[in-house]
Amino acid sequence: MVDSHNLHICLGIPIPLSVQALPRSPPASIHHLGDLSSLQALRDFGREFDVPCDEIDQACNLASGPSDVIVILERPKTRTSHEYGHPFPRFVGTCKTLWAVDDLIRFATNGARSIHTVTVLDAFSFKPNDKSRIPDERCHQLLAEILRAKKPKVVIRCHRDAYKDPWMKQFELSGEEYKFVRREFRAGENHRTIVLQSFHPSLAVNNAARRPEYRCLLIYHFVAAFAELSGVSQLHEDAEEIRQLCTKKGKRDGLKLSSWDAPTYLTKALQRRYGGSQGEYLVMFADEPEHVMLRRKAKILSRMYDWLEYLAGQSHTFGTLGIAEAVLFLWKEHFESNPLYEQVKTLLFHRGSKQQGWFPTANHNLPLTEDLSRFHISSSDFPGRMTMGLHLPEIIKVNKQAVVCISNTLALEEREEVGKTDLVHAYYRAACIEIADLINAQNLLVEKYVRTSTLTQLSRMLKVQKLVTQCEIMASIIKLEEYCLDEPKEKIHEDLALLRFYLQQLISI
């Protein structure tokens, strides 16, 4: 549902309004003879070291863009980790680093340029690692030859290795702690070159999957780099706060969370200011009875759906960075089987692109449950056909069967002559299994309906999914043998009455 080349999305995260306004369409650039001679130099170098033809072809594809802007990466990937025989668009799309460079260029130029129309080089051409027999000196000599031939206006240096070619030393910049360092010099004759020190895109999209701030900072860097073509040489002031976040220590790679941790983290991502206090999370204890753990999980999931419903109707004060964390790592990584997976993912991208900046502009407290009904997703945001409620005959039939079964069980339990032992070991145990089976049958029918619902109905579908989840968890609880033995009769009565209420609410939404 999310267009990879939507200019409100970059590197897989939504972009706030303040950053959407920054890119400039660059002036036109034309090829010159230096572009041709540099490609020939690249081919000759590859043949000298017996590099396979498909690797040479893809290196030339990357280096065939105009010469005004050159992006220098570090090393190519090995043949075992990247298929060089693909057509160039697929070759780019199957490598996260090249995909990131393409996405950054498209965003920074308002879609006017892409990796197809910008020169991309490696500091160590055809040398994916130190096992290669190609000397570093020769790689840097080739890089120098290409830069002298192309005479770029702007060079974006995305690595920090020292060069072993004397002429290339002038391109070395420190760039510690992700600082965007700028140097301007004349590289022969009267040609002026601007070198900008950034960092490798692989860090943002591979090694720091949990930290969207690295992606944010790269976006600022590439926007500033392409703005140089229009005579603007200044990094946006908001980039410094993002850079400070990048310097904070903490886990950067992906982490598979449990089924109760993931919704807790997602809720916190929406609730708090990114980079601030994590707050107190609910902890599950392995020695707790299973029905106690399930009750906690029900509360956690209920709260997550409440916050998503709040976000669906309240657009402008959340801050894009927290939403980016929610969609990039939490929702996409942990909720792929959720019936509302696509709808919520689209909501997060859309709402993230409607925030004014990366950080919240207000403190958020979840409204009371009765007040959440005021927060509806706008049909103007997501136009689409309105569908009927959960009034499909097959859903209503199973739902009523479950309600009747619960009512009969409650009526039996209220008779004084039926003690708890008889209730547990005879009728009640069988009734609970029957109720749970009916609920599971109902939920399968509802899931099909929810999965195909339109975005216009997302606010209501979040309510539906919240109730379905509560029914599912309560059904799991009442089927537990230890639940029947541990819980007092009053609690069992309370749970069944609550489950009946959930079922009735589900049909009335």
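Residues numbered from 1 in each chain as written. Predicted model: local features only at pLDDT ≥ 70, side-chain atom pairs only at ≥ 80, totals over all residues. Heavy atoms only, no water.

## Here we look at the overall build of the chain
The condition is simple: Each helix is a run of DSSP H or I of at least 4 residues and each strand a run of E of at least 2, with the numbering of both proceeding from the N terminus. Any two residues whose heavy atoms approach within 4.5 Å at even a single point are treated as in contact. Areas reported here follow the Shrake-Rupley algorithm with a probe of radius 1.4 Å; residue values treat only the protein chains shown as occluding.
Looking only at helices and strands, the chain features 19 helices and seven strands. For the chain, the share of sequence-separated contacts (at least 6 apart) that also reach a separation of at least 24 residues comes to 77%. Surface summary for the chain: the accessible area is close to 22700 Å², and the carbon and sulfur share equals 51%.

## Quick notes on the packing of aromatic side chains
Which entries qualify depends on this criterion: When two rings of Phe, Tyr or Trp (its six-membered ring) have centres within 6.5 Å they constitute a pair, described as stacked for plane angles under 30 degrees, edge-to-face for angles over 60, and tilted for the intermediate range. Buried means the residue's accessible area, taken with a 1.4 Å probe over protein chains only, is under 20% of the maximum for its type, while exposed means over 50%, and partly exposed covers the values in between. Geometrically, a lysine NZ or arginine CZ counts as sitting over a ring once it is within 6 Å of the ring centre and also within 35 degrees of the ring normal.
All chains considered together, the criterion is met by 15 aromatic pairs. With centroids separated by 6.5 Å and ring planes inclined at 10°, the aromatic side chains of Trp331 and Tyr341 adopt a geometry described as stacked. One end of the pair, Trp331, is in helix α12 (residues 320–334); the other, Tyr341, is in helix α13 (residues 341–352), with ten residues separating them in the sequence. Among the residues examined, Trp331 registers a relative accessible area of 0% and is labelled buried. Site record: aromatic cluster; members linked through ring pairs are Phe45, Phe49 and Phe126. Over the aromatic face of Phe124 sits the side chain of Arg75, whose NZ or CZ is 4.1 Å from the ring centroid. In this structure, Arg273 packs its charged tip against the face of Phe359, placed 4.1 Å from the ring centre.

## Focus on helix α5 (residues 96–108)
Heads up, the rule is: In this scheme, a helix's expected span is set at 1.5 Å multiplied by one less than its residue total.
Compared with an ideal rise of 1.5 Å per residue, which puts 13 residues at 18 Å, α5 spans 18 Å between its outermost C-alpha atoms and is within 8% of the ideal. Where burial is concerned, most of α5 is hidden: ten out of the 13 residues are buried. Once α5 ends, the next one or two residues include Asn110, with phi positive near 60°.

## What about the pattern of salt bridges?
The cut-off we apply is this: The working definition used for a salt bridge is a side-chain nitrogen of Lys or Arg within 4 Å of a carboxyl oxygen of Asp or Glu.
Taken as a whole, this structure holds 27 salt bridges when the rule is applied. Taking the shortest distance from any N to any O, the salt bridge between Asp68 and Arg113 comes out at 2.8 Å. Of this pair, Asp68 sits in the loop between α3 (53–63) and β3 (69–73) while Arg113 sits in the loop between α5 and β4 (119–122), and the two are 45 residues apart along the sequence. The salt bridge partner of Lys491 is Glu494, with a shortest N-O separation of 3.5 Å. Here Glu494 and Lys491 lie together in helix α19 (residues 489–508), a separation of three residues that amounts to about one turn. Relative accessible area serves as the criterion here: at 47%, Glu494 is assigned to the partly exposed category. Bridged by salt links that share partners, the residues Arg182, Glu184, Arg192 and Glu228 form one connected network.

## What about the sheet that holds β3?
Here is the rule: By this definition, two strands are paired if DSSP reports at least two bridges between them. Fitted lines through C-alpha atoms serve as axes, helices being fitted only where they are in contact, and the angles separating the N-to-C directions of these axes extend from 0 to 180 degrees.
The five strands are arranged β4-β3-β5-β7-β6 in an open sheet whose pairing can be described as mixed. Because the sheet does not close on itself, it has two edges, and the strands there are β4 and β6 (181–186). On average, adjacent strands in this sheet sit at an angle of 20° to one another, irrespective of strand direction. Note that β6 and strand β7 (residues 192–197) share six bridges and pair antiparallel. Along β7, the bridge assignment pairs Val181 with Gln197. Those strands touched by helix α8 (residues 213–227) are β3, β5 (154–157) and β7, and its axis lies near 165° from that of β5.

## Points about the packing of helix α2 (residues 33–48) against α3
So the rule is basically this: The scheme is simple: roughly parallel for angles under 35 degrees, roughly antiparallel for over 145, roughly perpendicular for 65 to 115, oblique for anything else. Handedness of a crossing follows from how the near helix is turned relative to the far one, being left-handed for an anticlockwise turn of less than a right angle and right-handed for a clockwise one. Following the grouping adopted for this structure description, the nonpolar residues are Ala, Val, Leu, Ile, Met, Phe, Trp, Tyr, Cys and Pro, the charged ones are Asp, Glu, Lys and Arg, and the polar ones are all others, Gly among them.
Contact geometry of α2 with α3 gives a least axis separation of 10 Å together with a crossing angle of 160°. Judged by the inter-axis angle, α2 sits roughly antiparallel to α3. Our pair here, α2 against α3, has a crossing hand that is right-handed. Across the interface between the two elements, Leu39, Leu42, Arg43, Gly46 and Arg47 of α2 pack against Ile56, Asp57, Ala59, Cys60 and Ala63 of α3. Residue classes in the contact of α2 with α3 are distributed as six nonpolar, one polar and three charged.

## Considerations on the pairing of β5
Neither face of β5 is open: one carries Val154 and Ile156, the other Val155 and Arg157, and all of them are buried. Where β3 and β5 come together, four bridges link them in parallel fashion. Bridge pairing in β5 places Val71 opposite Ile156. Here four bridges tie β5 to β7, and the two strands are oriented parallel to one another. Counterpart to Arg157 in the pairing with β7 is Gln197.

## Points about the nonpolar core
Defined as follows: Take the buried residues of types Ala, Val, Leu, Ile, Met, Phe, Trp, Tyr and Cys, join any two whose side-chain atoms come within 4.5 Å, and each joined set is a nonpolar core.
Counting residues in hydrophobic clusters, the biggest one holds 68 residues, and the most contacted among them are Leu266, Leu270, Leu308, Trp331 and Leu348. Looking at this core, the elements that each hand over two or more residues are α10 (261–271), α11 (290–313), α12, α13, α14 (393–413), α16 (427–451), α17 (458–478) and α19. Sequence-distant contacts of Leu308, that is, excluding residues within four places in its chain, are made with Leu266, Leu270, Trp331, Val344, Leu347, Leu348 and Leu462. Core analysis: the next-biggest nonpolar cluster, separate from the first, contains 58 residues, Val205, Leu218, Tyr274 and Phe359 among them.

## Overview of α2
Definition in use: As used here, the arc is the angular range of directions from the helix axis to the C-beta atoms.
In this model, α2 (16 residues) spans 23 Å end to end at C-alpha, consistent with the 22 Å of a helix rising 1.5 Å per residue. Considered for burial, the residues of α2 that qualify are Gly34, Asp35, Ser38, Leu39, Ala41, Leu42, Phe45 and Gly46. Buried positions in α2, seen along its axis, are confined to an arc of 160° and lie on one side of it. Projecting away from the buried face of α2 at angles above 90 degrees are the exposed residues Leu33 and Leu36. If you follow the buried residues of α2, they end up packed against α3 and α6 (136–150). Among the residues trailing α2, Asp50 stands out with phi positive, at a value near 55°.

## Describing the environment of Arg157
Short version of the rule: Two N or O atoms form a polar contact when they lie within 3.5 Å of each other; inside protein one atom must be a possible hydrogen donor and the other a possible acceptor, and for residues adjacent in sequence the pair counts only when both atoms belong to side chains.
Along the chain, Arg157 falls in strand β5. Between the C-alpha atom of Arg157 and that of Leu196, which follows or precedes it by 39 residues, the distance is 6.0 Å. When neighbours within four sequence positions are excluded, Arg157 is seen to be in contact with Ile72, Tyr163, Phe171, Glu172, Leu173, Leu196, Gln197, Ser198 and Phe199. A polar contact is formed between the side chain of Arg157 and the side chain of Tyr163, at a distance of 2.9 Å.

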